[in-house]
Each structure stands twice: as C-alpha cells, then as structure tokens.
Amino acid sequence: MSEPRKYSLTLFGATGFTGGLCADYLGQNMPNDTTWAIAGRNPQKLQSVIERLKSNGCTNLPVAIAADINDSDSLHAMAENTRVVVTTVGPYIYYGEELARSCAQSGTHYCDLTGEPEFVNNLISRYHDLAKKNGAALVSCCGFDSIPHDAGAFFAVRELEKELGHPLNAETRVEGVVTADGTFSGGTWQSAITAFGRPRENQQAMKLARTALNNLYPKKARALPMRPFHDKEFGSWLCPMPTIDPFIVIRSARAMDEYGPDFYYGHYAGIRSLPKMLGGIAGIGGLLFAAQIKFLRNKLLEFRQSGDGPAPEKRARSWFKVTFRAQSEGKKVMTQVSGGDPGYDETAKMLAETGMALALDKGYPKRTGVVTTMMALEGRLIERLQKAGMEFKRLS
Ligand SMILES: NC(=O)c1ccc[n+]([C@@H]2O[C@H](COP(=O)([O-])OP(=O)(O)OC[C@H]3O[C@@H](n4cnc5c(N)ncnc54)[C@H](OP(=O)(O)O)[C@@H]3O)[C@@H](O)[C@H]2O)c1
C-alpha cells in the first residue's frame, strides 16, 4: 500500500458486544499520532461509543463513519479510506464477503473474528489472488479462534528448534490441548448455529479451498487422527475439537519453513473425566443435529440475541490455557499460551493488536493474499500479545 490513507485503522462493528470491547481497547492503545475511525449503520450508537471512550480518558478519539452491509458503496468507501479494516460484523457468511472483496480490490488489509470455516474457505478460493495482486493481507480468525492456537503452535515449533539446535528437518508432531472457562455472546451463538446449519455449503467451500491451497502450497502438513484418548502426561482425556483452529495451524505450517517439511497437528479439549467428555460430545452432537432442521434451528437462534454477552464480573473470572507438546527426532518440548476471558476480553485484545500490527508495524505483513495471523505477522504478533499481558511460556 504506497498511497497515504485517511485513517490508519477502521473498526467496523464498534456498536456490538465484541466490537465495543475492541473499541475500548483501541481507545486506550492507538498511538496519539494516528487517525482512526469507527464505522457502523447507526450514528447515535456510534456517538455513544465515542462518548464512552471520552469518559474513559481516551485522548485519541476515533472519527465516526457510516457503513452498512446493505450499501456496497459505503463498504467500498470504508475500505478505500483506511490502511486496515477490523470487522466484528457477523455472521460473516451473511455479512462478511462484500467487505473482504472491497478490501482485496482496494489493497486494504483486513482482519476479522470469524470462526466459520465456510466463510474462510470462500475467501481463499475467491479472493487470494486478487488480494495478493493488490498487496492486501486478508486475515481471518483473529480472536480466540484461532490466535492462541496459531501463535501457540508457531511458538512451540520455535522452542523445539532451539532444543534441537537446528531448523526442523524431520517429521514433527504438535498437539495443542485447550482448557478454558468462559461463556459466549449472542453474536457468537448466532454465527455458530448458522454455520452448523450449512453442512453441504461447508463441504463445497472446503473442496474449492483445498484445490486452491494445493496449488499455492505444495508442502504437506496434516491433521493427526481425530480420535479421543487418555493421555498420562496431560492427566486427562484429549477429545479432538472440530473447530477451525487445526485448519488454521495447518495452513500456517504449509506456507512457512519454521514448521519443517513434514508437519502433523492435533487439536484437543483436555477433559478430566470420561463421563464429562461423553456428555460434551453428546451435547455438541445434539446441537449439530438440531441445526440441520429449519424449525429447530430457528428456535435455537431465538435462544440468544445479537448484542448481548457475558457481564464484566463473569468475564473477570474466565480464563484459558492452551498447552502444546511438540516432538521431532526424539526431542520434546512443552509450551503454554494463557490469558483471561477467552471469548471477549482477550479476543478484543487479540483482534485489536492484529489490526494495529497490520496498520502500524514497519515491514509487516510478511505475506499478502488470504493468510493466517502467523503468515502475516509471525513472531511480531506474539511480542505484541506478550506486551499486552498474554503469556507464552516454555514449560519443559
Ligand atoms: N471466534 C472468536 O473467537 C469470536 C469471539 C467473539 C466474537 N466472535 C464473532 O464476532 C462476531 C460479532 O459477535 P458479537 O457478539 O460482538 O455480535 P453483536 O453484539 O451481535 O454485534 C454485531 C455487530 O454487527 C453490526 N451489524 C449487524 N448488521 C449490520 C449491518 N447491516 N450493517 C452494519 N453493521 C451491522 C451490529 O450493529 P448494530 O449495533 O447497529 O446492530 C453490531 O455492531 C460474531 O460473528 C461472533 O461469532 C468470534
């Protein structure tokens, strides 16, 4: 991006639950010599976000700009006027694509909070070449899905490299085990149930993205078999998590030399007791089944409304840990990423730090096109998150 832009960063969705937290974080952390904006469809709501930032002592207040998903010109103007668009407007499968396309067309970096595989796969197969040609990095999954896992696996392979004393050049296995306590917002619920209800569309999008990725990154990186097992070292059952996270880690591994030539990744929830794990599997299975039936899906969507989310007291008690076991050539390291409320406080921080790195850090993004957080920002994002209070450490 050579020409100057009016704004360093524009946050779209600042009036929502997660977008509001992200606006608060940016209000405390955007450097005073930058100009930034918040965008949305409701001017009164945008103004009250600005009033809140002012009363919290923010000295670099954002400009409010009008943008609506149903007005393509407003999305295009938003993309053209800024270095990076940060968006929290979901479900992304309904609301995300036109903005991502505008960013790819106008060479504007883009980051979002989606965890919806169909949306990410569509971006890969439809906009990678356009974004790359115009020098834009389109970076999805910049919240709890999937930064702790993407950045955590990158941190683990670099620690393994230190242990080996040379770059990884043989088969490497990394397992990421998630433990967490937290709850979800109305927007997350709406996006998850929507995604569960689109299995055929998901399959088709995955097929097209797979072909695109095979052409772009011939190097193989694979998922470990998806079966639950008891692990003595972790002292718990490891239950494979069918989230977007392993797909993101594997994309980073295919594109980057740090992960070695032959990389395997397994992604698990760590659960202490067998009955608890079986209960969890049954619960997710029930939700997946219900989301296939229109009547039940609509009932589920009514259960939590857009705009609401966990209270500050609940968020203050929430936490997450992702522990990684990385092995190659008979050597092993254990590492861990941890932080506070995964879904919202830490997610807002992770998204804002990704946006600020794309907008402000010299020499970044390292790669353009439709890329993962590690492909775009490598260790720079880890440094930013550590400075912001998230912990990345070697256990053994
Ligand atoms: N993967 C993760 O780790 C993670 C974590 C948290 C959230 N998320 C995702 O982030 C997204 C937002 O979640 P949330 O709980 O913050 O949702 P939310 O509170 O419902 O906020 C939605 C935002 O979208 C805006 N919006 C809706 N329709 C619009 C339109 N036509 N034009 C412009 N703006 C529009 C809303 O504006 P109004 O205020 O005007 O209605 C609001 O600002 C969801 O997709 C969720 O899944 C992901």
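Since we're looking at a predicted model, the values are computed, not measured.

Asks: Talk me through the overall build of the protein; I want residue IDs and the actual numbers.
Replies: Within the protein, the secondary structure is distributed over 15 helices and 15 strands. The C-alpha radius of gyration computed for the protein amounts to 20 Å, which stays within 12% of the reference 21 Å derived for 396 residues, consistent with globular compactness. Taking the principal axes of the C-alpha coordinates as reference, the protein spans close to 55 × 50 × 40 Å. Looking at the protein as a whole, 49% of its 396 residues qualify as buried. For the protein, restricting intrachain contacts to residue pairs at least 6 apart in sequence, the fraction spanning at least 24 positions comes to 79%.

Asks: Just give me the short version of the sheet that holds strand 1 (residues 7–12), but keep the residues and values in it.
Replies: Taken together, seven strands build an open sheet; the order of strands is 3-2-1-4-5-6-14 and the sheet is parallel. Edge strands, defined here as strands with exactly one partner in the open sheet, are strand 3 (63–66) and strand 14 (369–371). When the angles between neighbouring strand axes are averaged without regard to direction, this sheet yields 20 degrees. Note: strand 1 against strand 2 (residues 36–40), four bridges, orientation parallel. The residue bridging Phe12 from the neighbouring strand is Ala39, located in strand 2. On the sheet, helix 3 (residues 72–80) packs against strand 1, strand 2, strand 3 and strand 4 (82–87) and is oriented at approximately 125 degrees with respect to strand 4.

Asks: Quick rundown of the site of the ligand? Include the residues and the values.
Replies: If you check the shell around the ligand, you find 34 residues, and the closest are Gly16, Gly90, Gly143, Gly187 and Ser306. Counting residues per element, the shell around the ligand draws most heavily on helix 8 (residues 186–196), at four residues. Among the residues making up the shell around the ligand, the classes are represented as eight nonpolar, 22 polar and four charged. When residues of the shell around the ligand are assigned to domains, at least three map to each of domain 1 (7–144 + 345–382) and domain 2 (147–340).

Asks: Can you explain the packing of helix 8 against helix 12 (residues 294–303)? Please cite residues and give values.
Replies: Running from N to C, helix 8 and helix 12 point in directions that differ by 165 degrees, and their axes come no closer than 9 Å. By the angle class used here, helix 8 and helix 12 are roughly antiparallel. Classified by chirality, the crossing of helix 12 by helix 8 is right-handed. In contact with Trp189, Gln190 and Ile193 of helix 8, helix 12 contributes Arg297, Leu300, Leu301 and Phe303. Of the residues belonging to the contact of helix 8 with helix 12, the class tally is five nonpolar, one polar and one charged.

Asks: Lay out the pairing of strand 1 in plain terms, naming residues and giving numbers.
Replies: Along a regular strand, successive side chains alternate from one face of the sheet to the other. Here strand 1 lies mainly inside the structure; six of its six residues are buried. Pairing between strand 1 and strand 4: five bridges, direction parallel. From the neighbouring strand, Phe12 faces strand 4, where its bridge partner is Thr87. Each parallel crossover has a hand, and for strand 1 linked through helix 1 (residues 17–29) to strand 2 it is right-handed.

Asks: Help me get a handle on the nonpolar core, residues and values and all.
Replies: Core analysis: the biggest nonpolar cluster contains 112 residues, and Leu11, Cys22 and Leu138 have the highest contact counts within it. Split by domain, this core shows at least three residues from each of two domains, domain 1 (7–144 + 345–382) and domain 2 (147–340). Among residues more than four places away in sequence, those in contact with Cys22 are Leu11, Val86, Thr88, Ala348, Leu351 and Ala352.

Asks: Give a detailed account of unusual backbone geometry, specifying residues and quantitative values.
Replies: A cis amide bond, omega 5 degrees, links Asp145 with the succeeding residue Ser146. By secondary structure assignment, the location of Ser146 is in the loop between strand 6 (137–139) and helix 7 (147–164). In this structure, Cys141 is a non-glycine residue whose phi angle is positive, near 65 degrees.

Asks: Now, about the domain arrangement of the protein: what can you tell me, with residues and values included?
Replies: The assigned domain composition of the protein is domain 1 (7–144 + 345–382) and domain 2 (147–340). The centre of domain 1, based on its C-alpha atoms, is set 23 Å off from the matching centre of domain 2. In this assembly, 29 residues from domain 1 lie in contact with 35 residues from domain 2. When residues of the side of domain 1 that touches domain 2 are traced back to their parent elements, those giving at least two are helix 1, helix 6 (117–133), helix 14 (345–360) and helix 15 (373–387). The element best represented in the side of domain 1 that touches domain 2 is helix 6, accounting for eight residues.

Asks: Quick rundown of the packing of helix 14 against helix 15? Include the residues and the values.
Replies: Direction vectors running N to C along helix 14 and helix 15 enclose 110 degrees, while the axes themselves pass 10 Å from each other. Classed by the angle they form, the pair helix 14 and helix 15 counts as roughly perpendicular. As for the relative orientation of helix 14 and helix 15, their crossing is right-handed in sense. Across the interface between the two elements, Met350, Glu353, Thr354, Ala357 and Leu358 of helix 14 pack against Thr373, Ala376, Leu377, Arg380, Leu381, Arg384 and Leu385 of helix 15. When its residues are assigned to classes, the contact of helix 14 with helix 15 shows seven nonpolar, two polar and three charged.

Asks: Explain helix 14 to me, and be specific about the residues and the numbers.
Replies: Helix length check: helix 14 (16 residues) gives 22 Å between terminal C-alpha atoms against 22 Å at 1.5 Å per residue, within 8%. Burial of helix 14 is extensive: 15 of the 16 residues sit out of reach of the surface.

Asks: Please set out helix 1 residue by residue, giving values where relevant.
Replies: If you check helix 1, its first and last C-alpha atoms are 19 Å apart, about what 13 residues at 1.5 Å a residue would give, namely 18 Å. Burial runs high along helix 1: ten of the 13 residues are buried. Restricting attention to buried positions, one finds in helix 1 the residues Phe17, Thr18, Gly19, Gly20, Leu21, Cys22, Ala23, Tyr25, Leu26 and Gly27. Buried positions along helix 1 lie against strand 1, strand 2, helix 2 (43–55), strand 4, helix 8 and helix 14.

Thresholds applied
- Residues numbered from 1 in each chain as written.
- Predicted model: local features only at pLDDT ≥ 70, side-chain atom pairs only at ≥ 80, totals over all residues.
- Helix = DSSP H or I, 4+ residues; strand = E, 2+ residues; numbered from the N terminus.
- Rg over C-alpha atoms; globule rule 2.2 N^0.38 Å.
- Buried ≥ 20, exposed ≤ 12 C-beta atoms within 10 Å, placed from the backbone.
- Contact = placed C-beta atoms within 7 Å.
- Pairing = 2+ DSSP bridges.
- Axes fitted to C-alpha atoms, helices over the stretch in contact; angles between N-to-C directions.
- Near = placed C-beta within 6 Å.
- Nonpolar A, V, L, I, M, F, W, Y, C, P; charged D, E, K, R; others polar.
- Domains from an automatic or database assignment.
- Parallel < 35°, antiparallel > 145°, perpendicular 65-115°, else oblique.
- Left-handed = near helix turned anticlockwise from the far one by under 90°.
- Right-handed = clockwise from strand over helix to strand, strands pointing away.
- Core = buried A, V, L, I, M, F, W, Y, C linked by C-beta atoms within 7 Å.
- Expected span 1.5 Å × (residues − 1).

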